[in-house]
Every structure is written in C-alpha cells, then in structure tokens.
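Working through the structure, step by step
Here are the chains, one letter per residue:
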Amino acid sequence: QVQLVESGGGLVQAGGSLRRSCAASGGFNRIFAMAWYRQAPGKQRDLVAVIESGGSTNYADSVKGRFTISRDNAKNTMYLQMDSLKPEDTAVYYCNAEIQRTAWDIRREYWGQGTQVTVSS
C-alpha cells in the first residue's frame, strides 16, 4: 500500500521558518512529479510548488522567493523549506505525488494526510 507520510509544520511567528517533509513508502516502481498544495479555511486547495523527477521546479507567485521545494530521490522524500512566513500562509498543507506502482501500471495520484501550518502575526 503506497503512502505519503508528512512531517513538520506547526505554529510559527510571522517572519519565521518551517520545514516540511513528505516520504513515500509501501513499494513502488517510480515517483514522477511531487508537489505541495495548501488549503485555507473556506478556500479551494491550491498548488504551492511542484518538482519533477529531474529536479525542475515551479512555484505559485505568492511563495516565489520565500519557499523552496526539493527532493531526495534516493530517500523517496520531498521537502518544503518555508522562509519569511506570513499570516496568509496559514493553511493545511498537503503533499502530492504521481507514483507508478509497477512498471506496467499507470501513474496514480497520492495524497499525504495534511498538516496544519499556522503563522501568527
């Protein structure tokens, strides 16, 4: 059973930093794109950042220059370094990955459990 397990997050003051990680486990053939999403109360879930298996990245305009997405393919783990945090970054953050379970399988989308990040002013 493929799982994405998140860690990190929590409460921080504005201007502070947090680091999140997301580890894939359960046996699979390959991980393709990995991404972080966030959902604030009463709002839709939005893409924060995405990283391809080759390392290319893309960010939402709201986090460019403040957040850094990275991955360690040997550890099947993705990270999100969040610096210069603002109160408007407060949301539940979810990791997401496209994973192929076997060489003959299609790519399937998996989600982590989500973790609250709260930035106080």
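Structure's up top.
In this report, we go over the structure that sits alongside the text.

In this section: the side chain of Arg-66. Structurally, the position occupied by Arg-66 is in the loop between strand 6 (57-59) and strand 7 (67-72). Looking at Arg-66, the relative accessible area reads 10%, which means it is buried. There is a polar contact of 2.8 Å between the side chain of Arg-66 and the backbone oxygen of Ser-62. For Arg-66, the residues in contact, after removing those within four places along its chain, are Gln-81, Met-82, Asp-83, Ser-84, Leu-85, Lys-86 and Asp-89.

Topologically, Asp-89 is positioned in the loop between strand 8 (77-82) and strand 9 (91-100). Residue class for Asp-89 comes out buried when judged on its relative accessible area of 1%. Beyond its immediate stretch of four places on either side in the chain, Asp-89 contacts Arg-38, Arg-66, Phe-67, Ser-84, Val-117 and Val-119.

To continue, consider unusual backbone geometry. We note that Asn-76 has phi near 50 degrees; this positive angle belongs to a residue other than glycine. Inspection of the secondary structure assignment puts Asn-76 in the loop between strand 7 and strand 8. Residue Asn-76 is classed as partly exposed on the basis of its relative accessible area of 26%. Residues other than glycine seldom take positive phi values, yet Ser-84 does so here, at roughly 50 degrees. Structurally, Ser-84 is set in the loop between strand 8 and strand 9.

Attention shifts here to the pattern of salt bridges. The full count for this structure, using the stated rule, is seven salt bridges. We note a salt bridge from Asp-105 to Arg-101, for which the minimum N-O separation is 3.0 Å. Look at Asp-105 and you get buried, because its relative accessible area is 15%. Arg-108 serves as the salt-bridge partner of Asp-105, at 3.0 Å between the closest nitrogen and oxygen. Where salt bridges share partners, they join Arg-38, Arg-66 and Asp-89 into one cluster.

Turning next to the pairing of strand 8. Counting buried positions along strand 8 yields five of six residues, so the element is predominantly enclosed. One ladder, built from six bridges, connects strand 3 (residues 18-25) with strand 8; its direction is antiparallel. Residue pairing for strand 8: Ser-21 is matched across the bridge by Tyr-79. In this sheet, strand 8 lies alongside strand 7 in antiparallel orientation, the contact comprising six bridges. In the sheet register, Ile-69 faces strand 8, and the bridge partner there is Leu-80. With antiparallel pairing between neighbouring strands as the criterion, strand 7 and strand 8 make up a hairpin whose turn holds four residues, including Asn-76 at a positive phi of roughly 50 degrees.

Parameters and conventions
Residues numbered from 1 in each chain as written. Predicted model: local features only at pLDDT ≥ 70, side-chain atom pairs only at ≥ 80, totals over all residues. Heavy atoms only, no water. Helix = DSSP H or I, 4+ residues; strand = E, 2+ residues; numbered from the N terminus. Buried < 20%, exposed > 50% of the residue type's maximum accessible area, 1.4 Å probe, protein only. Polar contact = N/O pair within 3.5 Å; in protein donor to acceptor, adjacent residues only side chain to side chain. Contact = heavy atoms within 4.5 Å. Salt bridge = Lys/Arg side-chain N within 4 Å of Asp/Glu carboxyl O. Pairing = 2+ DSSP bridges.

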